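What the coordinates show
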Amino acid sequence: IDTDGEDAPTKESLSRTSVFQYPHLLLGVLCLFLYVGVEVMAGDAIGAYGKELGLPLDETKYFTSFTLFAMLAGYVIGIFTIPKYISQQKALAVSALLGILFSIGAYLSEGYTAIVCIALLGLANALMWPAIFPLAIKGLGRFTKIGSAMLIMGISGGAIIPLIYTTLKDKAIFSNATSFLICMLPAYLYILYYSVKGHQAGWQKTDKNAFPLGALKEVP
């Protein structure tokens, strides 16, 4: 990002007077909110999930490290594959699909199989941040800084979504597995939507030249 030049109006931002006139940014803020929420769930809630399954504490306290190892594997995969073999946009879609698959797998299974599925969510989450952020700020021009600040506010999802999960299960509103699925599946479905369609919102009709469809094959 050219922080010295972003305050000058660009061709695509001359007709817009507010950062709120960029639907793809607003949808991106929600996307990042949900992503950070499920990322924290995969890392921090895995121990609580194991405890609810009746697994011993001397084992569940190490479960978070499994998620972190899976994330590390995802980072390494990203280094060698993006953007040489796959764009960040497609990587986000694949990651969302993996998140959906592993979330359902955790719901349908029990014991250590469920824990493995949750740990593998670390792999699904690894490439999301570096894909969502550039997709959301693309084409903001002089609004790039405030748009980035709005995205950073989306990190609050990491505090709110795990709280929803614990509230649902602790108050016996839903079972542990159902509470987990309620928090995870809609989030990954939305992330998938953003990767396929949401990141282009507001550009298709009036700004095709400024932000052509499929332009994000390689984002620095």
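In what follows, the accompanying structure is described.

Definitions and limits used
Residues numbered from 1 in each chain as written. Predicted model: local features only at pLDDT ≥ 70, side-chain atom pairs only at ≥ 80, totals over all residues. Heavy atoms only, no water. Buried < 20%, exposed > 50% of the residue type's maximum accessible area, 1.4 Å probe, protein only. Helix = DSSP H or I, 4+ residues; strand = E, 2+ residues; numbered from the N terminus. Arc of directions from axis to C-beta. Contact = heavy atoms within 4.5 Å. Expected span 1.5 Å × (residues − 1). Axes fitted to C-alpha atoms, helices over the stretch in contact; angles between N-to-C directions. Parallel < 35°, antiparallel > 145°, perpendicular 65-115°, else oblique. Left-handed = near helix turned anticlockwise from the far one by under 90°. Nonpolar A, V, L, I, M, F, W, Y, C, P; charged D, E, K, R; others polar. Core = buried A, V, L, I, M, F, W, Y, C linked by side-chain atoms within 4.5 Å.

**Examining helix α8 (residues 144–153)**
Of the residues making up α8, those classed as buried are Thr144, Gly147, Ser148, Met150 and Leu151. Looking straight down α8, one finds its buried side chains confined to an arc of 160 degrees; they lie on one side. Of the surrounding secondary structure, the elements contacted by the buried residues of α8 are α1 (23–52) and α7 (129–137).

**What to know about the environment of Met41**
Residue placement: Met41 occurs in helix α1. Expressed as a C-alpha distance, the spacing of Met41 and Ile161, which sit 120 residues apart in the sequence, is 7.6 Å.

**Observations concerning helix α3 (residues 63–81)**
An α-helical turn contains 3.6 residues, so a residue and the one three or four places further along point in the same direction. Along its 19 residues, α3 runs 28 Å from first to last C-alpha, staying within 8% of the 27 Å computed at 1.5 Å per residue. Turning to α3, its buried residues are Phe63, Thr67, Ala70, Met71, Gly74 and Gly78. The arc enclosing the buried residues of α3, seen along the axis, measures out at 100 degrees, which places them on a common side. In α3, the exposed positions angled more than 90 degrees off the buried face are occupied by Leu68, Phe69, Ile79 and Phe80. In this structure, the buried residues of α3 make contact with α1, α2 (57–60), α5 (111–119) and α6 (121–125).

**Notes on the packing of helix α4 (residues 88–108) against α7**
Two numbers describe how α4 lies on α7: the axes approach to 9 Å, and their chain directions differ by 125 degrees. The orientation of α4 relative to α7 falls into the category oblique. By crossing handedness, the relation of α4 to α7 is classed as left-handed. The segment α4 lies against α7, with Gln88, Gln89 and Leu92 engaging Pro130, Ala131, Ile132, Pro134 and Leu135. Residues of the contact of α4 with α7, tallied by class, amount to six nonpolar, two polar and no charged.

**Here's the deal with the nonpolar core**
Counting 56 residues, the largest nonpolar core has Leu25, Tyr49 and Phe180 as the members making the most contacts within it. Sorting the residues of this core by element identifies α1, α4, α5, α6, α7, α8, α9 (157–170) and α10 (176–196) as the ones contributing at least two each. With 14 residues, α1 is the single largest residue contributor to this core. The residues touching Tyr49, leaving out its near neighbours within four places in the chain, are Ala106, Tyr107, Ala114, Ile115, Ile118, Tyr165, Asn176, Ala177 and Phe180.

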